[in-house]
Structures are given as structure tokens and as C-alpha cells.
Amino acid sequence: MIMNKLKKDMSPEEGEKLLRVLKARFEKNLNRHKGLEWAKVQGKLESNLEKLWSLNEMERTGGEPDVIGHDKNTGEYIFYDCSPESPKGRRSVCYDREGLEARTSHKPENNAIDMAAAMGIEILTEDQYRKLQKLGNFDTKTSSWVKTPSDIRKLGGALFADRRYGNIFVYHNSAPSYYGVRGFRGSLRV
């Protein structure tokens with residue numbers, strides 16, 4: 001059972017509801033986490049309420065988080081956003097704060113890096129994005145910012161990825177750019 005009060009304004013009832021949603025998704029998509037047991041995942045979540053809050057934020061913004069792996073060295077379960085398209089509640093954002101501040105007009109409300117940090121998650125790296133794409137067809141109509149190497153970012157660029165024509169493409173754009181169909185996907189270790 002969920003403790004009396006979760007961190008960051010999430011009620012126990014919301015925590016219980018989220019666990020039911022996550023369990024149903026886990027059971028519906030067993031191909032994403034072969035050999036893993038929901039009871040063990042739930043036990044980790046119930047003893048890690050701050051991470052449960054982060055998963056709720058992933059869910060609330062349309063990410064449809066699901067377990068995609070287990071790190072045997074640390075014992076952590078790995079969640080990725082598994083929504084078919086880039087999460088709706090995280091689109092139309094620049095890559096980072098510097099990119100947002102560089103815009104002189106038509107600034108979006110936020111940026112991917114700050115949003116992820118506020119949610120307690122990490123933006124997927126290119127390698128993680130490619131791993132996700134092995135589990136299904138994601139971002140066939142949208143695209144997602146991915147963690148950008150510092151040498152590219154220093155030059156003003158940022159990377160994003162999508163699936164088109166049966167292939168995964170990684171592209172570049174200026175960090176201040178934003179589009180209605182580009183958001184970001186996150187990962188969380190519990």
C-alpha cells in the first residue's frame with residue numbers, strides 16, 4: 001500500500017491509481033521486459049515514493065512509462081516513455097535553457113532539459129532511443145530531442161530523432177528551435 005502522503009502533492013489514491021495503470025501496461029507489453037515480475041517492480045516503487053512521483057509526471061504528460069529493463073548490478077528497474085508518439089505534454093519546447101533564452105521572439109513556455117530535471121527524469125540518449133525503437137515503432141509522426149553531446153551543444157546545435165521509412169534517424173537542429181511535433185522522451189531508474 002502507498003504511504004500516507006507522497007512527495008510533491010501526489011495523494012495516496014493517485015499513487016494507487018498509477019500503480020494500477022503501470023501494472024496494466026506492464027502486463028499488456030510483456031515483450032518489453034521479458035523475465036521480469038511486476039510484484040518485484042511494484043515493491044521497488046512502493047519503497048521509492050519520489051520515483052513514483054516522477055513516473056506520475058511521465059504519465060501525466062503523456063509518456064506512458066513502462067519497464068524496459070533491469071540493471072542486475074544495481075538492482076534498478078529501468079523505465080522509458082513508451083507512448084507511440086513523443087509525449088503530448090512535452091512538445092513545443094526548445095532543447096535547453098540556453099536555447100530558450102537565445103530566442104528573441106515567439107519563445108515557447110519551457111525547454112526539454114529543465115522539464116526533465118523538474119520531473120526527476122533524464123532525457124533519452126541516442127543509444128537509449130535506439131534501444132527503445134527495438135521494442136516497437138515510436139515517433140512515426142513526431143520527433144524527440146535526445147541528449148546532445150557537449151561538443152555539438154557548444155556550437156549551438158542539439159540532436160533529435162524519429163522513425164521514418166522503417167529506419168531510425170538522428171538529426172541536428174539549433175537548440176533554440178521548437179516544433180509542435182517535437183518533444184522529448186525520458187528514462188527513470190528505480
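It should be emphasised that the depicted structure is a prediction, and the values quoted were computed from it without experimental measurement.

Concerning the packing of aromatic side chains
Using the criterion set out here, one finds five aromatic pairs in the structure. Plain terms: the ring middles of Tyr95 and Trp145 are 5.6 Å apart, the flat faces sit at 65 degrees to each other, and that makes the pair edge-to-face. Taken together, the positions of Tyr95 in the loop between strand E2 (77-81) and helix H4 (97-102) and Trp145 in strand E4 (residues 143-146) put the pair 50 residues apart, joining distant regions of the chain. By relative accessible area, Tyr95 is classed as buried at 4%. For Trp145, a relative accessible area of 0% corresponds to the buried category. Relative to Tyr171, the ring of Phe160 has its centre 4.9 Å away and its plane inclined at 20 degrees; by these criteria the two rings are stacked. Remark: Tyr171 occurs in strand E6 (residues 167-174) and Phe160 occurs in strand E5 (residues 157-164); sequence separation between them is 11 residues. By relative accessible area, Phe160 is classed as buried at 9%. Each residue in the set Tyr95, Trp145, Phe160, Phe169 and Tyr171 is aromatic and connected to the rest through ring pairs, giving one cluster. Directly above the aromatic system of Phe184 lies the positively charged group of Arg90, at a separation of 5.1 Å from the ring centroid. One residue, Arg182, lies across the ring of Trp145, its end atom 4.8 Å from the ring centre.

Concerning the sheet that holds strand E7 (residues 182-184)
Pairing is mixed in the open sheet, where four strands are placed in the order E6-E5-E4-E7. Each edge of the open sheet carries a strand with a single partner, namely E6 and E7. On average, each strand axis in the sheet is inclined to that of its neighbour by 35 degrees, with strand direction left out of account. Relative to E7, E4 runs parallel, the two being bridged by three bridges. Across the sheet, residue Trp145 finds its bridge partner in E7, namely Phe184. Running at roughly 145 degrees to E6, helix H6 (residues 126-133) makes contact with E4, E5 and E6 of the sheet.

Some thoughts on the packing of helix H1 (residues 12-28) against helix H2 (residues 38-46)
Between H1 and H2, the least distance of the axes is 11 Å, while the angle of their chain directions is 150 degrees. Judged by the inter-axis angle, H1 sits roughly antiparallel to H2. For the pair H1 and H2, the sense of crossing is right-handed. Here H1 contributes Leu19, Leu22, Lys23 and Phe26 to the contact with H2, which in turn contributes Trp38, Val41, Gln42, Leu45 and Glu46. Considering only residue class, the contact of H1 with H2 consists of six nonpolar, one polar and two charged.

The rules behind each value
- Residues numbered from 1 in each chain as written.
- Predicted model: local features only at pLDDT ≥ 70, side-chain atom pairs only at ≥ 80, totals over all residues.
- Heavy atoms only, no water.
- Phe/Tyr/Trp six-rings, centres within 6.5 Å; stacked < 30°, edge-to-face > 60°.
- Helix = DSSP H or I, 4+ residues; strand = E, 2+ residues; numbered from the N terminus.
- Buried < 20%, exposed > 50% of the residue type's maximum accessible area, 1.4 Å probe, protein only.
- Lys NZ or Arg CZ within 6 Å of the ring centre and 35° of its normal.
- Pairing = 2+ DSSP bridges.
- Axes fitted to C-alpha atoms, helices over the stretch in contact; angles between N-to-C directions.
- Contact = heavy atoms within 4.5 Å.
- Parallel < 35°, antiparallel > 145°, perpendicular 65-115°, else oblique.
- Left-handed = near helix turned anticlockwise from the far one by under 90°.
- Nonpolar A, V, L, I, M, F, W, Y, C, P; charged D, E, K, R; others polar.

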